[in-house]
Amino acid sequence: MTSDAETATGWRELMRPALISRFAFLCLGMWLNAADALVTITLTPTIAGEIGGFQFFGWSVAAFLLGAIVAGVCSGRLSMELGLRPSIAVGGVAYAAGCIVSALAPDFLVFVLGRLLQGLGAGAIAALCYVAINGMFPQRLWVRVLAGLAGVWGVATLLGPLIGGLFAEADWWRGAFWFFAVQSLLFIAATFALVPASAQRDEPRPRIPLPQLAALIVGVTLIAAAGTTGTPLLDGALGVGGLGGMALLLWLDRRAGGVLLPRSAGDLTSLVGAGYFTIFALEAATIGFSVYGPAFLQGLQGASPLVAGYVISA
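Residues numbered from 1 in each chain as written. Predicted model: local features only at pLDDT ≥ 70, side-chain atom pairs only at ≥ 80, totals over all residues. Heavy atoms only, no water.

1. Looking at the overall build of the protein
Part 1: For the protein, the count of helices and strands is 11 helices and 0 strands.
Part 2: The helix and strand sequence of the protein, counted from the amino end, reads α-α-α-α-α-α-α-α-α-α-α.
Part 3: Taken over the C-alpha trace, the protein has a radius of gyration of 21 Å; the compact-globule value for 314 residues is 20 Å, and the two agree within 12%.
Part 4: Restricting to contacts in the protein with at least 6 residues of sequence separation, those with at least 24 account for 76%.
Part 5: Surface summary for the protein: the accessible area is close to 15,400 Å², and the carbon and sulfur share equals 71%.
Part 6: Positive and negative charge centroids in the protein, built from 15 and 15 side chains respectively, lie 11 Å apart. (Helix = DSSP H or I, 4+ residues; strand = E, 2+ residues; numbered from the N terminus. Rg over C-alpha atoms; globule rule 2.2 N^0.38 Å. Contact = heavy atoms within 4.5 Å. Areas by Shrake-Rupley, 256 points an atom, 1.4 Å probe, with all protein chains shown as cover. Lys, Arg positive; Asp, Glu negative; His and termini not counted. Charge placed at Lys NZ, Arg CZ, Asp CG, Glu CD.)

Written out as structure tokens, the structure reads:
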């Protein structure tokens, strides 16, 4: 076991000038991913009130998460093709472009496109920041760095609703996306200054599971479309079709040997399958209120965006 003295020494070493800038860089990358969701959820009722699109609330969340998943899966292949530094920069550019599209969106569907780009960038950045730990820090500090990155999510939980609420109450929701666009530009610049150059490797490139990703995209799209047609029967069919896409994803991945998930992820009689289903059930139980809760609280209860954001955070 590690003594308190060794723990303190490890943190002091991480705070050295040569390493603290690298640590701050990775924390910024994780922050762009962690804070984005809570900031945007807090702002969404204000956004829809200005540019319309209340029926597409779920699309903004689904687009971001879908982009993040796809980018996370493809980031390993990208880093081996381009190298780590250019790959992180590409993720930063995608995120910055998404922020700009969201900030300039004239209607909600264009805003959803911006959220998709933000998700692609954030997913790539988060995945590659974890990969970068190996080359930017000595092995004895890896646990400290991972702990610090985990702490960023806690900070985002506290500050995300505050940032979103302040921009909403200032009646300048677009400013929140300009705020994150500036941060992403700083992240891109820091990438070239802090991430060591890495040569392309001759190792076998990881295969991108295109059939599984296609099933995921179709399933998420159908589920997101359910509830927007105004026809209960059609909405129900879209929802069932979306669940079918998720089932197809599990089936394809199991046949491929468990590329995305463990092979037993779809087997509820196994420990792994039961664990994954528990996570899915908890997420499914909370995502509805996370997406629509701010609108209910602000529209029906008269809560301010800031209060609504912290209720969701809690």
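From this point, the narrative continues.
2. Here's the deal with the pattern of salt bridges
Side-chain pairs of opposite charge can arise whenever the charged atoms involved come near each other.
Part 1: Within this structure, the stated rule accounts for 5 salt bridges.
Part 2: Across the pair E13 and R16 runs a salt bridge, and its minimum N-O distance is 3.7 Å.
Part 3: A cluster of three or more residues bridged by salt bridges with shared partners is formed by E13, R16 and R140. (Salt bridge = Lys/Arg side-chain N within 4 Å of Asp/Glu carboxyl O.)

3. Side note on the environment of V272
Part 1: When you line up the elements, V272 lands in helix α10 (residues 271-300).
Part 2: Those residues within four positions of V272 in sequence are excluded, and the remaining contacts are P262, S264 and A265.

4. Concerning the packing of aromatic side chains
Part 1: Inspection of every chain in the model, using the stated rule, returns 15 aromatic pairs.
Part 2: Grouped by ring-pair contacts, the aromatic residues F54, F57, F108, F111, W173, F177, Y292 and F296 constitute a single cluster. (Phe/Tyr/Trp six-rings, centres within 6.5 Å; stacked < 30°, edge-to-face > 60°.)

5. So, helix α8 (residues 210-225)
Since the α-helix turns once every 3.6 residues, residues separated by three or four places project in the same direction.
Part 1: Its 16 residues give α8 an end-to-end C-alpha distance of 22 Å, which sits within 8% of 22 Å, the value for a rise of 1.5 Å per residue.
Part 2: Within α8, the full set of buried residues consists of Q212, L213, A215, L216, G219, A224 and A225.
Part 3: Buried-residue contacts for α8 involve α3 (57-82) and α9 (232-255).
Part 4: G227 lies just past α8 and shows a positive phi near 100 degrees. (Expected span 1.5 Å × (residues − 1). Buried < 20%, exposed > 50% of the residue type's maximum accessible area, 1.4 Å probe, protein only.)

6. Overview of empty space enclosed by the protein
Part 1: Taken as a whole, this structure holds 1 cavity of 30 Å³ or more when the rule is applied.
Part 2: Roughly 50 Å³ of internal volume is contained in the largest cavity.
Part 3: Around the largest cavity, the lining residues are D36, V39, T40, L43, Y95, Q118, A176, F177 and F180.
Part 4: Taken together, the elements giving at least two residues each to the lining of the largest cavity come down to α2 (17-51) and α7 (173-194).
Part 5: With 4 residues, α2 is the largest single contributor of residues to the lining of the largest cavity. (1 Å grid on protein atoms, 1.4 Å probe; cavity = no way out; pocket = protein on both sides within 12 Å on 5 of 7 lines; lining within 4 Å. Points joined across faces, edges and corners; volume = space filled by probe spheres on them.)

7. A closer look at the packing of helix α4 (residues 84-104) against α7
Part 1: Between α4 and α7, the shortest axis-to-axis distance is 8 Å and the interhelical angle comes to 165 degrees. Considering the angle they form, α4 stands roughly antiparallel to α7. As for how α4 packs across α7, the hand of that crossing is left-handed. Here α4 contributes R85, I88, A89, G92, V93, Y95, A96, C99, I100, S102, A103 and L104 to the contact with α7, which in turn contributes W173, R174, F177, W178, F180, A181, S184, L185, F187, I188, T191 and F192.
Part 2: Of the residues that constitute the contact of α4 with α7, the class distribution is 18 nonpolar, 4 polar and 2 charged. (Axes fitted to C-alpha atoms, helices over the stretch in contact; angles between N-to-C directions. Parallel < 35°, antiparallel > 145°, perpendicular 65-115°, else oblique. Left-handed = near helix turned anticlockwise from the far one by under 90°. Nonpolar A, V, L, I, M, F, W, Y, C, P; charged D, E, K, R; others polar.)

8. Some remarks on the nonpolar core
Part 1: Counting residues in hydrophobic clusters, the biggest one holds 59 residues, and the most contacted among them are L26, L43, F108, F137 and F180.
Part 2: Put simply, the parts of the chain that give this core at least two residues each are α2, α3, α4, α5 (108-136), α6 (142-169), α7 and α10.
Part 3: It is α2 that contributes the most residues to this core, 16 residues altogether.
Part 4: Listed in part, the 6 residues of the second largest apolar core include L213, A215, L216 and L249. (Core = buried A, V, L, I, M, F, W, Y, C linked by side-chain atoms within 4.5 Å.)

9. Some thoughts on unusual backbone geometry
Part 1: In the Ramachandran plot, D171 falls in the positive-phi region, its phi being about 60 degrees despite a non-glycine side chain.
Part 2: Within the secondary structure, D171 sits in the loop between α6 and α7.

10. Some details on the state of the cysteines
Part 1: Applying the stated criterion to the full structure yields 0 disulfides.
Part 2: C74 forms no disulfide, and the closest cysteine sulfur to it belongs to C129, at a distance of 17 Å.
Part 3: The class for C74 is partly exposed, based on a relative accessible area of 22%. (Disulfide = S-S within 2.5 Å.)

11. So, the environment of Y95
Part 1: Along the polypeptide, Y95 turns up in helix α4.
Part 2: As for Y95 and L116, which are separated by 21 residues in sequence, their C-alpha atoms are 9.2 Å apart.
Part 3: A distance of 2.9 Å separates the side chain of Y95 from the side chain of D36, its partner in a polar contact. (Polar contact = N/O pair within 3.5 Å; in protein donor to acceptor, adjacent residues only side chain to side chain.)

12. Digging into a nonpolar patch on the surface
Part 1: A cluster of nonpolar side chains, namely I100, L104, W172 and W178, defines an oily patch on the protein surface of about 410 Å² accessible area.
Part 2: Mapped onto the fold, L104 is located in helix α4.
Part 3: On the accessibility criterion, L104 (55% relative accessible area) is exposed. (Patch = residues over 30% accessible without salt bridge, like charges linked within 9 Å, V, L, I, M, F, W, Y side chains within 5 Å.)

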